[in-house]
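Residue-level listing of the chains:
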Amino acid sequence: MTEEELNIAFDNAYERACNTKIQLPPDVMLHFYAYYKRATHTEGFFTPSGDSELRNAFKLNAFFQAKNLTPKQAKEKYIELVNEHITD
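Procedures and definitions
Residues numbered from 1 in each chain as written. Predicted model: local features only at pLDDT ≥ 70, side-chain atom pairs only at ≥ 80, totals over all residues. Heavy atoms only, no water. Salt bridge = Lys/Arg side-chain N within 4 Å of Asp/Glu carboxyl O. Helix = DSSP H or I, 4+ residues; strand = E, 2+ residues; numbered from the N terminus. Buried < 20%, exposed > 50% of the residue type's maximum accessible area, 1.4 Å probe, protein only. Axes fitted to C-alpha atoms, helices over the stretch in contact; angles between N-to-C directions. Parallel < 35°, antiparallel > 145°, perpendicular 65-115°, else oblique. Left-handed = near helix turned anticlockwise from the far one by under 90°. Contact = heavy atoms within 4.5 Å. Nonpolar A, V, L, I, M, F, W, Y, C, P; charged D, E, K, R; others polar. Lys, Arg positive; Asp, Glu negative; His and termini not counted.

Let us now look at the pattern of salt bridges. On inspection of all chains with the given rule, the structure shows one salt bridge. Of the charged contacts in the structure, one is a salt bridge between Lys72 and Glu76, with a shortest N-O distance of 2.8 Å. Residue Lys72 and its partner Glu76 are located together in helix 4 (residues 71–85), separated by four residues, close to a single helical turn. Owing to a relative accessible area of 31%, Glu76 belongs among the partly exposed residues under this scheme.

Turning our eyes to something else, we now look at the packing of helix 2 (residues 26–40) against helix 3 (residues 53–65). In contact at an axis separation of 8 Å, helix 2 and helix 3 are set at 60 degrees when each is read in the N-to-C sense. By the criterion of interaxial angle, the relationship of helix 2 to helix 3 is oblique. Taken as a pair, helix 2 and helix 3 cross one another with a handedness that is right-handed. Between helix 2 and helix 3, the residues in contact are Leu30, Tyr33, Ala34, Lys37 and Arg38 and Phe58, Lys59, Ala62 and Phe63, respectively. Grouping the constituent residues of the contact of helix 2 with helix 3 by class yields six nonpolar, no polar and three charged.

Attention shifts here to the environment of Leu24. Residue placement: Leu24 occurs in the loop between helix 1 (3–19) and helix 2. Apart from the residues within four sequence positions on either side, Leu24 is in contact with Met29, Phe32 and His85.

Turning next to the packing of helix 1 against helix 4. To characterise two packed helices, one gives the angle between the axes of the helices and the distance between these axes. Following both chains from N to C, one finds helix 1 and helix 4 inclined at 45 degrees, their axes separated by 9 Å at the closest point. When the axes of helix 1 and helix 4 are compared, the pair comes out oblique. The crossing of helix 1 and helix 4 is left-handed. Residue-level contacts link Leu6, Asn7, Ala9, Phe10, Ala13, Tyr14, Arg16 and Ala17 of helix 1 to Lys72, Lys75, Glu76, Tyr78, Ile79, Val82 and Asn83 of helix 4. The class makeup of the residues in the contact of helix 1 with helix 4 is nine nonpolar, two polar and four charged.

This next bit is on the side chain of Lys75. As for its placement among the helices and strands, Lys75 is situated in helix 4. Buried and without a salt bridge, Lys75 has Glu3 as its closest oppositely charged side chain, separated by 5.8 Å.

This is how it looks when you write it as structure tokens:
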């Protein structure tokens, strides 16, 4: 898959994930979050947004767990996760 094809597939997967009505478990949502952020946030330190310190801690932990992935690998993992969990 070329880089352009990967970016198109990633964008399509992101749209599917954003528009799904499926309630996914929190651990799966954290994987979505981590892969998306790793794929799109490539420079500097990252601080999760949100009002809940506990939720932000889980987000940051998930992001750190994906730190060894390249943005390309994170996009591929994100697409796989969408295809696995979102069937609508």
